[in-house]
Structure formats: structure tokens, C-alpha cells
Amino acid sequence: MNGIDKKNTIAITANTSWYLYNFRKNTILALLESGYQVIAISPVDEYTHRLAELGCKTVSVKIDSGGTSIIKDSITLLSSWYVLRKEKVDVILNFTPKNNIYFTLAAKVLNIPAINNIAGLGSVFMSKGMVRVICQHLYRFSQRYAAKIFFQNEDDRELFLTEMLPDYLHTERLPGSGVDLVRFNVTPAPDDDVVRFTLIARMLYSKGVEHYVEAARKLKKRHGQRCEFRLLGFLDVSNPAAVKTERMAAWIEEGNIRYLGTSDNVEQEIAQVDCIVLPSFYREGVPKSLLEAGAMGKPLITTRNIGCQDTVDDGINGFLCEPQDTDCLTRAMERLINMTHVQRLEMGNESRKKMVREFDEKIVISRYLKAIEQVLP
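Note that the coordinates shown come from a computational prediction; the quantities given were computed from them, not determined experimentally. (Residues numbered from 1 in each chain as written. Predicted model: local features only at pLDDT ≥ 70, side-chain atom pairs only at ≥ 80, totals over all residues. Heavy atoms only, no water.)

Engineer: Explain helix α7 (residues 209-223) here, please?
Structural biologist: Count 3.6 residues to each turn of an α-helix, and residues three or four apart come out pointing the same way. Taking 1.5 Å of rise per residue, the 15 residues of α7 would be expected to cover 21 Å, and the 20 Å separating its terminal C-alpha atoms lies within 8% of that figure. Residues of α7 that are buried include every one of Val 209, His 211, Tyr 212, Val 213, Ala 215, Ala 216, Leu 219, Lys 220 and His 223, and no others. Close packing links the buried residues of α7 with β8 (195-200), β9 (227-232), α8 (245-254), β11 (275-278) and α11 (326-337). Backbone geometry just after α7 places Gly 224 at a positive phi near 55°. (Helix = DSSP H or I, 4+ residues; strand = E, 2+ residues; numbered from the N terminus. Expected span 1.5 Å × (residues − 1). Buried < 20%, exposed > 50% of the residue type's maximum accessible area, 1.4 Å probe, protein only. Contact = heavy atoms within 4.5 Å.)

In C-alpha cells form, the structure reads like this:
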């Protein structure tokens, strides 16, 4: 155990249990295997019991992840302080924005080292309004107390060090959240003369969903049954930036796209298609869907956008297009349609090589284990 005290307790927090289970499951397992006690702190949802089945303790807190209520956020701050104090946490790993802010402040009061992960800055930092100003101040005030901050792309790291934390020294860049190369293994698409595309994301306009649907509309007119277009992800009707149910129904009615809802076995959906598309203009970390699809040997089409562009060597394992440019997206997708099946497989193999070379989840986990050892009292 390299001298690790089995009594050391590591808390891992996020704004949903779904996130912890789907994105940090192997990190939790690695912590448990290394002899730590692990507490997963997140709101209760259908994945909470799955976290418990991994062998960690689960503790519920309420987090209004998209809200701006001072009262609700104050309750989150007080709850985080109470939980960390009660559970006698030694180190805390924070993911998602409000966890990074409020749990870091609570940890500071209790003298607990906090290791934070800035996984993209989202739609807030795309705006220039008061919400962005408030968020900047909250980040600036809270993150100075973090023992270490991991960033998923260099753009976010530079923004923080330039605008918010110019004197902060404890930052590192990670290769996104990494990808499980065992779970997501190479699975060639069927060779049946139909080229299938899928966009996997929350159904937000800033993820480029509308541009994808418009490209599908154009390509269906040109190529008919030679191509198929799918959407997979949460239809988050509570989010003002989300595609509404009525709009999705209208798109489905047109007959150009298939909406698949959500899936706990995303690898099965990726396996069926020739290419994964994400025309996002949202400030991403490094999109998990692109990493997983790349690991499965799929060509990738995405934008020259922060985080997204890190996953594609243009013309080698996929194509990059300009953000919010439907014509550019359409041309990139049509290039893939016009390839032979073998050419698409060869491009997908380059995706797999890139994921193995740059985005192996084991790299991320080892960096976390090292960081924990460094900050433990």
C-alpha cells in the first residue's frame, strides 16, 4: 500500500450521482483498491445505489446545479461543511462547478485539502453578463484555497491563471477525464451501405444539436437512405438552453433523425454507427462522448472549439469544422459519407491509436493517486 493508512478517508463529490458513477467509477475503484475509505457525496438519484455497490459510502446533499438562488447555494455550503466535519474527511476530490466552489470553501474552514477538477467552463463563460461576473468572483475567491486544480484543457487553465488566479501555482492539465480502454474497445460498424451518425450529448443548443439536425436535413435530401442520423442524450426540459420536447417531436416527425433517449450502455449505441458528431460551441472540458467513440475506433467530427479540438487530428482520425457553421459541418459529414467502408475503418483506427496514446483513463487515475499522496497531512 506504499505506506498508505487504510483509515484515510477520501470524499469525492459532484452535482449528480449519475456523474460520479458514469465518469468516476474507476477512480473510486482505484481509491478503494489503494486502501482508502471512500465517501461519495452527491444528490440522490437512480445511480446512488450503484455507487454504494462499488463499496463506497454514499452521503446525500442538495445541489441546485443550474440555479442562481443565494438561499439554496447557502444551504449547499452549510451542508458540505456539516458532511465533511461529520465524516472526518482527510482529502476531498471535487468535480462540477458548484462542488468546486462550495466544497472547497467548506474544506478550507475544516483544514481539509481539496483537489478540484475544472471540466470546462460551460455556457456561463460564453456570456458577458452579470452571471459570468459573479461566477468569476466565486471561482477567484474559492479556488485560491484548493490544494491542487486539475484542468482538462490548456485554454481553461490559461484563462484561470490570467483572469482569476495569476499567482496560483498548483495547477496541472489532465487528458480530459480519460477513457476506459477496456470497456470501450474497437467495434467496427456494419458494412451494409448505410452510413450512420450519432450525436451524444445533453440536448442543448450550445452542443450544436440544431446544426446537426439541419445538416441531417440537407444530407438526407442528397443521399436518402444511404445515411442515418441519431441523437442520444438527456432531453433536459428544465434547462432554459435545452431543446424543448415539442421541438424534438417536430424534428422526429420530419423523418430525418432518430432520437434514442438515454442509455446506460452507451458503448452499444456507439458500436452501431460509423461516426460520432459533436458540433459543440459550448466551453467543453474534453467531451467524454468523443473519447469513448474514439476508443471504439470511430471517426470523429467536431468543432475547432475549446476541448473538442483536442480529440481530433484533422483529416487523420476525423474532421474539424467551424463552430456554429452548418455548411462546414455538412461538408465534413458528407466527406465521411463519400468514403469507402474501409477508409472509414482506417480513420477510426487512428482514433483508437490517439485515445491509447493520449487519453487512457489510467493516466488520469494515477495522477489523482499521486496528488492525494502529496496533499495528505
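Here the narrative resumes.
Engineer: Can you help me understand the pairing of strand β5 (residues 114-118) in this one?
Structural biologist: Where burial is concerned, most of β5 is hidden: five out of the five residues are buried. Side-chain alternation along β5 places Ala 114, Asn 116 and Ile 118 on one buried face and Ile 115 and Asn 117 on a second face that is also buried. As defined by bridge partners, strand β4 (residues 91-95) adjoins β5 across four bridges and the pair is classed as parallel. Across the sheet, the residue bridging to Phe 95 is Asn 117, located in β5. Taking the sense of rotation as the criterion, the β-α-β connection linking β4, helix α4 (residues 97-109) and β5 turns out right-handed. (Pairing = 2+ DSSP bridges. Right-handed = clockwise from strand over helix to strand, strands pointing away.)

Engineer: Help me understand the pattern of salt bridges, please; the structure alone is not making it clear to me.
Structural biologist: Charged atoms that come close allow side chains of opposite charge to pair. With the rule as written, the count across this model stands at 27 salt bridges. Residue Asp 264 pairs with Arg 50 through a salt bridge whose shortest N-O separation is 3.2 Å. With a gap of 214 residues between them, Asp 264 in the loop between β10 (258-259) and α9 (266-271) and Arg 50 in helix α2 (residues 48-54) connect regions that are remote in the sequence. Overall, the relative accessible area of 36% leaves Asp 264 in the partly exposed class. Given the relative accessible area of 25%, Arg 50 is considered partly exposed. Residue Glu 358 pairs with Arg 357 through a salt bridge whose shortest N-O separation is 3.7 Å. In this structure Arg 357 comes out as exposed when scored by relative accessible area, which is 52%. Among the charged side chains, a salt-bridge network with shared partners connects Asp 192, Arg 196, Glu 228, Arg 230 and Arg 258. (Salt bridge = Lys/Arg side-chain N within 4 Å of Asp/Glu carboxyl O.)

Engineer: Could you clarify how one ought to interpret the packing of aromatic side chains in this entry?
Structural biologist: Aromatic ring pairs are described here by two measures, namely the spacing of the ring centres and the angle between the planes. All chains considered together, the criterion is met by 12 aromatic pairs. With centroids separated by 5.8 Å and ring planes inclined at 45°, the aromatic side chains of Phe 95 and Tyr 368 adopt a geometry described as tilted. Taken together, the residues span a long stretch of sequence, with Phe 95 in strand β4 and Tyr 368 in helix α13 (residues 361-375) at a distance of 273 residues. An aromatic cluster of at least three residues, connected via ring pairs, comprises Trp 18, Tyr 19, Phe 23, Phe 95, Phe 150, Phe 234 and Tyr 368. The ring of Tyr 282 carries the charged tip of Lys 207 above its face, separated from the ring centre by 4.4 Å. Directly above the ring of Phe 23 sits Lys 288, whose terminal nitrogen or CZ lies 5.5 Å from the centroid. (Phe/Tyr/Trp six-rings, centres within 6.5 Å; stacked < 30°, edge-to-face > 60°. Lys NZ or Arg CZ within 6 Å of the ring centre and 35° of its normal.)

Engineer: Even after reading the chapter, I still don't get the sheet that holds β10, so can you show me in this structure?
Structural biologist: Hydrogen bonding along the main chain pairs the strands of a sheet, whether they run parallel or antiparallel. Taken together, the six strands give an open sheet; going across it, the order is β10-β9-β8-β11-β12-β13, and neighbouring strands pair in parallel fashion. Both edges of this open sheet fall to β10 and β13 (318-321), since each of them pairs with a single strand only. With three bridges connecting them, β11 and strand β12 (residues 300-303) associate as parallel partners. Residue pairing across strands places Leu 278 opposite Thr 302, the latter belonging to β12.

Engineer: What's the story with the sheet that holds strand β1 (residues 9-13) in this structure? I'm lost.
Structural biologist: Ordered by their spatial adjacency, seven strands build an open sheet running β3-β2-β1-β4-β5-β6-β7, and the pairing between neighbours is parallel. Strands with a single pairing partner mark the edges of an open sheet, and in this sheet they are β3 (57-60) and β7 (171-173). With strand direction ignored, the average angle separating the axes of adjacent strands in the sheet is 20°. Packing of α4 onto the sheet brings it into contact with β1, β2 (37-42), β4 and β5, and relative to β4 it is tilted by some 160°. (Axes fitted to C-alpha atoms, helices over the stretch in contact; angles between N-to-C directions.)

Engineer: In this structure, what is going on with the confidence of the model for the chain? I would like to understand it.
Structural biologist: For residues with low pLDDT, the predicted coordinates do not support detailed interpretation. Averaged over every residue, the pLDDT of the chain is 93; residues scoring 70 or more account for 95%. Confidence drops under pLDDT 50 across residues 1-5; counting only partners more than four residues distant or on other chains, this segment forms eight contacts. (pLDDT = per-residue confidence, 0-100.)

Engineer: Could you clarify how one ought to interpret the environment of Ser 60 in this entry?
Structural biologist: Its place among the elements puts Ser 60 in strand β3. On the basis of relative accessibility, which here comes to 45%, the residue Ser 60 falls in the partly exposed class. Residues Ser 60 and His 137, spaced 77 residues apart in sequence, show a C-alpha to C-alpha distance of 27 Å.

Engineer: Help me understand the packing of helix α3 (residues 70-87) against α4, please; the structure alone is not making it clear to me.
Structural biologist: Between two packed helices, both the angle of their axes relative to each other and the distance between the axes serve to describe the pair. The N-to-C vectors of α3 and α4 enclose an angle of 50°; their axes lie 9 Å apart at closest approach. In terms of axis orientation, α3 runs oblique to α4. The handedness of the crossing between α3 and α4 is right-handed. Mapping the contact onto sequence places Asp 73, Thr 76, Leu 77, Ser 80, Trp 81 and Leu 84 in α3 and Lys 98, Tyr 102, Phe 103, Leu 105, Ala 106, Ala 107 and Val 109 in α4. Residue composition of the contact of α3 with α4, by class: nine nonpolar, two polar and two charged. (Parallel < 35°, antiparallel > 145°, perpendicular 65-115°, else oblique. Left-handed = near helix turned anticlockwise from the far one by under 90°. Nonpolar A, V, L, I, M, F, W, Y, C, P; charged D, E, K, R; others polar.)

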